[in-house]
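Architecture and fold: a report
In case you want the letters, here they are:
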Amino acid sequence: SRAGMALSVLVILLLSMLYEAVKMGKAMLLRRALLALPRSLSRESLVEPDERDTGPAPGSPSLMGFPTFFPRWFRYHLGQTLFHVVQVVLGYMVMLAVMSYNAWIFLGAIAGSTLGYFV
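One structure accompanies this document, and this report is about it. Please read all numbers here as calculations on a predicted model, not as lab measurements.

The helix and strand tally for the chain stands at 4 helices and 0 strands. Along the chain, helices (α) and strands (β) appear in the sequence α-α-α-α when read from the amino end. Once local pairs closer than 6 in sequence are excluded, the contacts in the chain between residues at least 24 apart make up 77%. Accessible area for the chain stands at about 9,000 Å²; split by element, carbon and sulfur atoms hold 71% of it.

Let us look at the nonpolar core. Judged by nonpolar contacts, V9, I12, L15, V22, L90, V94, A97, I105 and A109 together constitute the single largest core of 9 residues. A total of 4 residues in this core trace back to one element, the largest contributor, which is helix 1 (residues 2-36). Excluding residues that lie within four positions of it along the chain, V22 makes contacts with F83, V86, Q87 and L90.

Right, let's get into unusual backbone geometry. Of note, the phi angle at Y101 is positive, near 60°, even though the residue is not glycine. The topology assignment puts Y101 in the loop between helix 3 (72-98) and helix 4 (103-118).

What follows is about the environment of A97. Position of A97 relative to the elements: it lies in helix 3. Using a relative accessible area of 16% as the deciding quantity, one classes A97 as buried. For the pair A97 and V9, spaced 88 residues apart in the sequence, the C-alpha separation amounts to 9.5 Å.

Parameters at a glance
Residues numbered from 1 in each chain as written. Predicted model: local features only at pLDDT ≥ 70, side-chain atom pairs only at ≥ 80, totals over all residues. Heavy atoms only, no water. Helix = DSSP H or I, 4+ residues; strand = E, 2+ residues; numbered from the N terminus. Contact = heavy atoms within 4.5 Å. Areas by Shrake-Rupley, 256 points an atom, 1.4 Å probe, with all protein chains shown as cover. Core = buried A, V, L, I, M, F, W, Y, C linked by side-chain atoms within 4.5 Å. Buried < 20%, exposed > 50% of the residue type's maximum accessible area, 1.4 Å probe, protein only.

Right, here's the structure in full:
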């Protein structure tokens, strides 16, 4: 039906726009992660400043080689990973829709990508 096709094109358009938004969010997060990296990769510079003072308690996991902290750059990397998974899933969904070889769906994907990049 026409309503079903219009709804399908609208959904693909929105998915394409969301794909572009996630792509931009991932790029912004990469920029923040690069700014959060220490200039030197020595052990002292990777440890947060307030954690340098306190030594590990006996029997704590840090004595066994397991980090007990998550530096800021690691949290950014984890966020980038999650953004990447969402981006890949959205990309494959849009690709599957386009592979239906329907011209309207294809135009919806192109329009959504264009609008998503513009916004």
